[in-house]
Structures are given as C-alpha cells and as structure tokens.
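Residues per chain, in single letters:
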Amino acid sequence: MRARRIDAGSEFRLLQDEQEIGYVDGTRVSFRGFTTRDDAALAASVAHRALTRRRGEQPHSVDEPKDTLVVDQGSTQAVIARAGILARLLPPAPEDSEVGSWGFEIELLPEERFEVFAIARARVIWRALRGTGIDRRMQQFGTQPLTSA
C-alpha cells in the first residue's frame, strides 16, 4: 500500500496496485470499495480489532458478523459492538461520482494524528484486511460475496 499526498495539505490517498482504496486526512482513516454494507461493516470490525491490538489494548471479541450491529445515527450509519462505536459507514456516493461503493472510516486518537502515525495506522488496517481476505471483496480487486459459515 502506498500513500500519495493530495496537494500540499495533510491528506493522503491510499493506493494498492495503482487502485485507490482509501484516504487519510489526519483525523481519520477511510477505506472504500466494498460491494455491500455488510462487507463494509465486517471490514470495519476487522480494522477496529487490528487497531486495538496495535494500540496495546485488549480487543473485545468481534469474530463474527453477528457480533456487530449497523445502527442509523441520523444521516449516518455506524458499526457498533460491545466495545462501542467501531467505525462510521460510508454509503455509496451519488451515481455521478467515481466512487460507487460502500466504505468505512475510523477516527484516530489524538496522538495518532501526526502524518507518519496516521499513515502507519492505515497500513495496520490494510494488513488486517489483506490478512483476513476481506480485500478480495473490494470492487477494485474482484469482489467475492460475503458467505456465512
């Protein structure tokens, strides 16, 4: 995964094999490209678990999609579990946009908001998504449907 700076600001596009997969803006990390809301919610829970482990905290058990809920919070949707709000879901953009897929974003802790740490957290998330195979459910890499065990 590569991070490419956007203009002169502190925002970065995240790329894998020259395909855009997300962004970092200094306060949050986002990944897009999931075909369904369920895939995005599962990816968000995996990402949250990876960040929790990286931060040295004890992760709550979120092993199954059934361990999380998607809750409407006004105009946004959030993925929640016993640990609290894990991530905010990003619905597909309007059809006139290039981005037509589900995504999620995770808020960074204040001490993680320096560019180098924010990008490092994005890498932790990406390794977790790849390690679990969820990246194959992204439109950029040939989606595979969510299957139940």
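For the structure itself, consult the block above.
Residues numbered from 1 in each chain as written. Predicted model: local features only at pLDDT ≥ 70, side-chain atom pairs only at ≥ 80, totals over all residues. Heavy atoms only, no water.

Peer 1: Would you explain the overall build of the protein chain in this entry?
Peer 2: Each helix and strand in the protein chain was counted, giving two helices and eight strands. The proportion of buried residues among the 149 residues of the protein chain is 41%. Partitioning the contacts of the protein chain with sequence separation of at least 6, the portion at a separation of at least 24 is 49%. (Helix = DSSP H or I, 4+ residues; strand = E, 2+ residues; numbered from the N terminus. Buried < 20%, exposed > 50% of the residue type's maximum accessible area, 1.4 Å probe, protein only. Contact = heavy atoms within 4.5 Å.)

Peer 1: Would you take a moment to explain the pattern of salt bridges for this structure?
Peer 2: In a structure, side chains of opposite charge can pair up when their charged atoms sit close to one another. Considering all chains together, one arrives at twelve salt bridges under this definition. Of the charged contacts, one joins R2 and E18 as a salt bridge, the two residues approaching to 3.1 Å between their closest N and O atoms. One end of the pair, R2, is in strand β1 (residues 2-5); the other, E18, is in the loop between β2 (12-16) and β3 (19-24), and 16 residues separate them in sequence. The class of R2 is partly exposed, set by a relative accessible area of 40%. Here E18 falls in the exposed class, since its relative accessible area comes to 54%. By sharing partners, the salt bridges in this structure join D25, R28, R88 and E105 into a single network. (Salt bridge = Lys/Arg side-chain N within 4 Å of Asp/Glu carboxyl O.)

Peer 1: Whenever I open this one, helix α2 (residues 115-132) confuses me. Can you help?
Peer 2: The α-helix advances 3.6 residues per turn, and as a result positions three or four apart in sequence lie on the same side. With 18 residues, α2 should cover 26 Å at 1.5 Å per step; its first-to-last C-alpha distance of 26 Å lies within 8% of that length. Along α2, the positions that sit buried rather than exposed are A118, I119, R121, A122, V124, I125, W126, A128 and L129. On its buried face, α2 is in contact with β1, β2, β3, β4 (28-34), α1 (37-54) and β8 (102-107). Looking one or two residues past α2, G133 carries a phi angle of roughly 85°, positive in sign. (Expected span 1.5 Å × (residues − 1).)

Peer 1: How should the packing of aromatic side chains be read in this particular structure?
Peer 2: Describing an aromatic ring pair means giving the distance of the ring centres and the angle of the ring planes. In total, this model carries five aromatic pairs according to the counting rule given. Ring centres of F34 and F104 lie 6.1 Å apart, and the angle between their planes is 35°; on these two criteria the pair is classed as tilted. With F34 in strand β4 and F104 in strand β8, the pair connects residues that are 70 residues apart, well separated along the chain. F104 shares its class with F34; the two are buried. (Phe/Tyr/Trp six-rings, centres within 6.5 Å; stacked < 30°, edge-to-face > 60°.)

No statement about biological role is implied by the geometric values presented.
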